[in-house]
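# Architecture and fold: a report
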Amino acid sequence: MTNTVEAIHNEMQSLHETGTYKHAPVIDGPMGPTVRLRDGREVVNLCSNNYLGLANDPEVVAGAKAAVDQYGQGTASVRFICGTFSIHEELEAEIAEFFGFQAATTYVSCWCANEALVPTLLSEGDAVVSDSLNHASIIDACRLCGKNVRRVVYQHNDMADLAAKLEDIRDARRKLIITDGVFSMEGDLANLPEIVKLAKKHDALVAVDDSHAHGVLGNTGRGTAEHFGVKVDILTGTLGKALGGAAGGFIAAAKPVIELMTQRSRPQLFSNALPPATAGGALAAIRKLKHTPELVETLRTRVAFFREELQQQGFNVLESPSAIVPVIVGDTAKAIALAKQMLSEGVMITGFGYPVVPEGTARLRAQISATHTREHLQKALGAFESLRKSFA
Ligand SMILES: Cc1ncc(COP(=O)(O)O)c(C=O)c1O
């Protein structure tokens, strides 16, 4: 081993020693309300963002297969060089129409969509104002802006701080407020009504990453803006959670903004388009959501049941209308140990600790799906109950 590789090896060893090395469970079947682990056990799955259960839905899988049959694996090039498939255009038109924007464009992930949006939209003399708990892809997207773009962070959902930060950048040329719609660790929502009001006052654009809200919030699953009855300027989202569960991301906005992205954003200019199978699956997922909005109500019922039962059992559950149900346990090592014990009880759930969440607020994060039956949720609740003493 060279010195550098040895140093990296030692760094990885220290992760083992501190119990922070991440192990991905290996799953031998499709994503669903339960999953089959490689050791043959079928366990209740509380870890997936498969909120509507569309990741292995027959219509969605058929959409993916049909797209592969028609277009094969992919473009084998970037779009502006080699062309784009009509399924990309169809998907983008569907996204724009579904979310109520003039246009949309897609990327291989929402990570790429966020990294495309911020540095492409902003240049010298501009400013971006970002919530302190925004997703890592937004944080990195802001970091990608050049030195001449001011980057300002406001305290999580603190509207007085946002107003103060907007005041600080009042002389900026173009101003962008960017926030998650649903925050992934807390499950809470951005205060969009207030953000939109402040943006109007300060002539700023509002961009919302609604990855955890699509298919979940609003009567028809159109997300946080629908939930609050407001309109935002720019929407980003993933196709890798409720909307198909494979991969892919998008930006939806006014036509000139989308044109700017297709002309200038580096993750599209220098990277291949979404694979046809993924585009076809996502298209089928959005259409399924459009035609069966009752899926959203089913999910809501399941989440309410699970949250209320946990609260009645005396667990410390964070409140929110999203499908993310964090159960606070406090200590990081405890959260990791409890997640292991839950798996022994037949329930897969992730423990998150510091530095992903603030010190002392480590948690087990449950994510509910419309396809969880009462029995699945009862089994999970039973596992919580049987480990009650360890939570104390
Ligand atoms: C809020 C948010 N934005 C973006 C992403 C990244 O999405 P993708 O997997 O499509 O890159 C995630 C995924 O965890 C997310 O939670």
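Please refer to the structure placed before this passage.
Right, let's walk through the structure included here. These numbers were taken from a predicted model, which means no experiment stands behind them.

Before going further, it helps to examine the site of the ligand. Near the ligand lie 13 residues; those nearest to it are Ser109, Cys110, Trp111, His135 and Thr238. Taken together, the residues of the shell around the ligand break down into two nonpolar, nine polar and two charged.

With that settled, the discussion passes to the nonpolar core. Counting 117 residues, the largest nonpolar core has Val128, Ile251, Ala252 and Leu299 as the members making the most contacts within it. Both domains that meet at this core, namely domain 1 (3-51 + 293-391) and domain 2 (58-291), each give it at least three residues. Residue contacts for Val128: discarding those within four places in its chain leaves Val118, Leu122, Cys142, Cys145, Val149, Arg151, Leu176 and Ile178.

Within a sheet, adjacent strands bond to each other through the backbone by hydrogen bonds, running parallel or antiparallel. The antiparallel open sheet is built from three strands, whose spatial order is S10-S13-S12. In this open sheet, the two strands that pair with only one neighbour each are strand S10 (324-330) and strand S12 (350-352). Neighbour-to-neighbour, the strand axes of the sheet open up by a mean angle of 30°, direction not taken into account. Set on the sheet, helix H14 (residues 332-344) makes contact with S10, S12 and strand S13 (362-367); between it and S13 the angle comes to about 35°.

Turning next to the sheet that holds strand S11 (residues 347-348). The strand order across the open sheet built from three strands is S1-S2-S11, with neighbouring strands paired in mixed fashion. In this open sheet, the two strands that pair with only one neighbour each are strand S1 (34-36) and S11. In the sheet, S1 pairs with strand S2 (residues 42-45) via three bridges, with the strands oriented antiparallel. Of the residues in S2, the one forming a bridge with Val35 is Val43.

Attention now goes to unusual backbone geometry. Peptide bonds are, in most cases, trans, and in most cases residues other than glycine have a negative phi. In this structure, the amide linkage connecting Tyr354 to the following residue, Pro355, adopts the cis form with an omega of 10°. The phi torsion at Asn157 lies on the positive side, around 55°, for a residue other than glycine. Note that Asn157 resides in the loop between strand S5 (150-154) and helix H7 (159-168). One non-glycine residue, Asp203, lies in positive phi territory at about 55°. Tracing the sequence through the fold places Asp203 in the loop between helix H8 (192-202) and strand S7 (205-209).

Definitions and cut-offs
Residues numbered from 1 in each chain as written. Predicted model: local features only at pLDDT ≥ 70, side-chain atom pairs only at ≥ 80, totals over all residues. Near = placed C-beta within 6 Å. Nonpolar A, V, L, I, M, F, W, Y, C, P; charged D, E, K, R; others polar. Core = buried A, V, L, I, M, F, W, Y, C linked by C-beta atoms within 7 Å. Buried ≥ 20, exposed ≤ 12 C-beta atoms within 10 Å, placed from the backbone. Domains from an automatic or database assignment. Contact = placed C-beta atoms within 7 Å. Pairing = 2+ DSSP bridges. Helix = DSSP H or I, 4+ residues; strand = E, 2+ residues; numbered from the N terminus. Axes fitted to C-alpha atoms, helices over the stretch in contact; angles between N-to-C directions.

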